[in-house]
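Close look at the chain arrangement
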Amino acid sequence: MAAEQAITNAAKIFIVEDERIIAKDIEATINTLGYSCVGSALTGEEAIDRIPLLKPDLVLMDINLKGGMSGVQAVEYLKQIIDVPIVYLTAYSDEKTLDRAKRTEPYGYILKPYEERELHSTIEMALYKHRMEKQIRHNEKWYRTILENIGEGVIVTTLTGKVTFANPVSLSITGYEDHEVINASLNHFFKLETQNELIKHISPLELFNSSARGKASMSDVFLVNKTGTKIPIDYLITPIKNEEDATVGIIIVFRDLTDQLKSEEVLRATEYRYTTIFETARDVIYTLNSEGKFLSLNKAFVELTGFVNEEMIGKHFNIYIHPDDVRTAGRHFKTLKEGGYPPVHELRVMTKTGAYRYAEITSVPLKEHGEVVTIIGIARDVTVRKEAELELIRAKNFAEQSKKYQEQFLANISHEIRTPMNAILGMSQLLLQSKMNTNQAEFITAIRLSAENLLVIINDILDLSKIQAGKMTFEEVPFNLIELVNGLNNTIQFKVDEKNFQQRYCPSRCLCGSCF
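Bear in mind that the values here come from a model prediction, so they are computed numbers and not experimental data.

Most of strand S13 (residues 284-288) is tucked away, with 5 of its 5 residues classed as buried. Burial along S13 is two-sided: Val284, Tyr286 and Leu288 facing one way and Ile285 and Thr287 facing the other are all buried. In terms of strand pairing, S13 meets strand S14 (residues 294-297) through 3 bridges, oriented antiparallel. Bridge assignment links Thr287 to a residue of S14, and that residue is Ser296.

Next up, the structure:
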């Protein structure tokens, strides 16, 4: 209170008085009262020149001034260019001048001769009133700025529904101009409809008057604008009350829900689309929280493991991983928690029967504000592929083992056959060195040749590994064609004789190039 009094006492006052003595007396008095006299003028012309420059907090204006401009005329001019409270000084004046003075809305009158107490109280009241009015204007401007820039429509009416204010958003939604709305009836342009056939049309005033608590709203309401377009809105009707808590007006706040409903429809369609993909995907799709517990699972997970959602939600994924794969799963989960992307990997997942199936895991972190909040994973059942891979490995191992056995078998056969063959060759060589007739020598020679051929075949069999590796080689060995043919003939002669066939050949003719 003391601070407010100090500010008031420091007010700057300008005096307009055509009597110098009176002006000086007033100046002395206001200085005594603690105010500051910033200047004075003897005429209206002088006043309108100096007051805008000095910008006083209050003007003491004599109504009847000498010269061409009266005090009232000076005030009329000043009010157009500066906001300053005016207090008239007057000894007497005609009724017409006083009426004109009243229209300038002065903050008080002081009759000459004045009393110091009256001057002080009038100045204080004028300063206080002007300060309050200025604050009110500031508040009004502030609230009006808010109402005109708020994203919702605002309409203010009297209790009878006469519109006193409508912000730009309300005009935009209803489609009306400001001059069509102000002072018009609310029911004239604010028409509401519902989808309920029993209460198709709604009067906002009736709805407000029927409300027990003085507030009213309704969902699924459409505003019919100027063009007849039905706009979905959300609205609230509330009362305006005075200091005595009596209702003196109505405020309607509403907003256009068109974009919101479209966004909700798009969101529902998107959610339905992704939910359909989530539930119908052949691969398992799951989400984990930052602790590694299941948040959601699709139907493919049930088909893979046999567990239903209720058995899985809130459980840690480690429970369903093969013990030998838990360390691998934990390492990849740590990478995900840190915002990384682990490589595609395989884990064995436990089914409800206790068996394990192979799953190929792909997972990514979902971030919000840089923090990992959810982990999305996709698991593909690769059990059949994994079993086929294992079967191929087993078949490969079996083939390698079989080849090893084959080589061992051939080595054993070679050993077992070479021994008697060497004996046959040795004995045939000894017989050829003994005394035999021609037929006996030929028979022994045929035996020896057959044995040597058989030994070559055995060597070729032992070289089968070279043939399988594509490394078979040919050798150039000189031979006697006549001896070779005679040896072959002697080898098959017994079969020819056995079947009573006749065999003829001419080695000398073949050598001449005219065989057969």
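With that settled, the discussion passes to the packing of aromatic side chains. All chains considered together, the criterion is met by 9 aromatic pairs. Centre to centre, the rings of Trp142 and Tyr143 are 5.0 Å apart; their planes meet at 70°, and the pair counts as edge-to-face. Looking at Tyr143, the relative accessible area reads 48%, which means it is partly exposed. Joined through ring pairs, the aromatic side chains of Tyr286, Phe294, Phe301, Phe307 and Tyr320 make up one cluster.

On the surface, Tyr341, Val364, Leu366, Val373 and Ile376 cluster together into a nonpolar patch covering about 400 Å² of accessible area. Contributions of two or more residues to the nonpolar patch are made by strand S16 (356-368) and strand S17 (371-381). Following the sequence through the fold, Leu366 ends up in strand S16. We classify Leu366 as partly exposed; its relative accessible area is 39%.

Glancing now at the pattern of salt bridges. In this structure the tally under the stated criterion is 24 salt bridges. Of the charged contacts in the structure, one is a salt bridge between Arg380 and Asp283, with a shortest N-O distance of 2.8 Å. Taken as a pair, Arg380 in strand S17 and Asp283 in the loop between helix H11 (258-280) and S13 lie far apart in primary sequence, 97 residues in all. The partner of Arg348 in a salt bridge is Asp325, and the shortest N-O contact between them spans 3.0 Å. Taken together, the positions of Arg348 in strand S15 (residues 345-350) and Asp325 in the loop between helix H13 (309-312) and helix H14 (326-337) put the pair 23 residues apart, joining distant regions of the chain. When its relative accessible area of 22% is taken as the criterion, Arg348 is described as partly exposed. The network of salt bridges with common partners includes Glu346, Glu360, Arg385, Lys386 and Glu389.

Our next topic: unusual backbone geometry. At the junction of Lys112 and Pro113, the peptide bond is cis and its omega measures out at -10° in the coordinates. Among the structural elements, Pro113 can be located in the loop between strand S5 (108-111) and helix H6 (116-149). Even without a glycine there, the phi angle at Asp245 is positive, about 65°. Structurally, Asp245 can be placed in the loop between strand S11 (230-241) and strand S12 (247-256).

So, on to the sheet that holds strand S4 (residues 86-90). One open sheet holds the 5 strands; their spatial order is S2-S1-S3-S4-S5, and the pairing between them is parallel. Both edges of this open sheet fall to strand S2 (36-41) and S5, since each of them pairs with a single strand only. This sheet shows a mean twist of 20° between the axes of neighbouring strands, independent of strand direction. Note: strand S3 (residues 58-62) against S4, 4 bridges, orientation parallel.

Let's shift gears to the nonpolar core. Nonpolar side chains tend toward joint burial in soluble globular proteins. With 23 residues, the main nonpolar core has Val284, Tyr286, Leu288, Phe294, Met312 and Phe317 as its most contacted residues. Sorting the residues of this core by element identifies S13, S14, helix H12 (299-305), H14, S15, S16 and S17 as the ones contributing at least two each. Every residue in contact with Tyr286, bar those within four places of it in the chain, is listed here: Phe294, Ser296, Leu297, Ile361, Ile375, Ile376, Gly377, Ile378 and Ala379.

Right, let's get into helix H2 (residues 20-32). With 13 residues, H2 should reach 18 Å at 1.5 Å per residue; the first-to-last C-alpha distance of 18 Å fits that figure. Within H2 the residues assigned to the buried category are Ala23, Ile26, Thr29 and Ile30. Projected down its long axis, H2 shows its buried positions confined to an angular sector of 125°, all on one face. Across H2 from its buried face, at more than 90 degrees, point the exposed residues Arg20, Ile21, Lys24 and Thr32.

Here the chain averages 81 in pLDDT, and 84% of its residues register 70 or above. A low-confidence stretch, residues 1-8 stays under pLDDT 50, and its non-local contacts, those more than four residues away or across chains, total 7 contacts. Confidence over residues 509-516 falls short of pLDDT 50; this stretch has 7 contacts with residues more than four positions distant or in other chains.

Moving on to the side chain of His322. Relative to the helices and strands, His322 is located in the loop between H13 and H14. Looking at His322, its side chain comes within polar contact range of the main-chain nitrogen of Asp324, at 3.0 Å. Those residues within four positions of His322 in sequence are excluded, and the remaining contacts are Arg348 and Tyr356.

For the rest of this paragraph, the subject is the packing of helix H4 (residues 71-81) against helix H5 (residues 95-103). Pairs of packed helices are described in terms of their axes, by the angle between the two and the distance that separates them. The interhelical angle for the contact between H4 and H5, taken along N-to-C directions, is 15°, at an axis separation of 10 Å. As summarised for this structure, H4 and H5 are arranged roughly parallel, according to the angle between their axes. For the crossing formed where H4 meets H5, the hand is left-handed. When H4 is examined against H5, the residues Val72, Gln73 and Glu76 are found in contact with a partner set consisting of Thr97, Arg100 and Ala101.

Strand order in the open sheet formed by 5 strands is S14-S13-S17-S16-S15, and the pairing between neighbours is antiparallel. Two strands bound the open sheet, and with one partner strand each, they are S14 and S15. Strand-to-strand twist across the sheet, computed as the mean angle between neighbouring axes with direction ignored, equals 35°.

Here we come to the packing of helix H3 (residues 44-54) against H4. Contact geometry of H3 with H4 gives a least axis separation of 10 Å together with a crossing angle of 20°. Between H3 and H4, the angle falls in the class roughly parallel. Crossing geometry of H3 relative to H4 is assigned as right-handed. Between H3 and H4, the contacting residues are Gly44, Ile48, Ile51 and Pro52 on the first element and Ala74, Tyr77, Leu78 and Ile81 on the second. Across the contact of H3 with H4, the residue classes tally to 7 nonpolar, 1 polar and no charged.

Conventions we followed
- Residues numbered from 1 in each chain as written.
- Predicted model: local features only at pLDDT ≥ 70, side-chain atom pairs only at ≥ 80, totals over all residues.
- Heavy atoms only, no water.
- Buried < 20%, exposed > 50% of the residue type's maximum accessible area, 1.4 Å probe, protein only.
- Helix = DSSP H or I, 4+ residues; strand = E, 2+ residues; numbered from the N terminus.
- Pairing = 2+ DSSP bridges.
- Phe/Tyr/Trp six-rings, centres within 6.5 Å; stacked < 30°, edge-to-face > 60°.
- Patch = residues over 30% accessible without salt bridge, like charges linked within 9 Å, V, L, I, M, F, W, Y side chains within 5 Å.
- Areas by Shrake-Rupley, 256 points an atom, 1.4 Å probe, with all protein chains shown as cover.
- Salt bridge = Lys/Arg side-chain N within 4 Å of Asp/Glu carboxyl O.
- Axes fitted to C-alpha atoms, helices over the stretch in contact; angles between N-to-C directions.
- Core = buried A, V, L, I, M, F, W, Y, C linked by side-chain atoms within 4.5 Å.
- Contact = heavy atoms within 4.5 Å.
- Expected span 1.5 Å × (residues − 1).
- Arc of directions from axis to C-beta.
- pLDDT = per-residue confidence, 0-100.
- Polar contact = N/O pair within 3.5 Å; in protein donor to acceptor, adjacent residues only side chain to side chain.
- Parallel < 35°, antiparallel > 145°, perpendicular 65-115°, else oblique.
- Left-handed = near helix turned anticlockwise from the far one by under 90°.
- Nonpolar A, V, L, I, M, F, W, Y, C, P; charged D, E, K, R; others polar.

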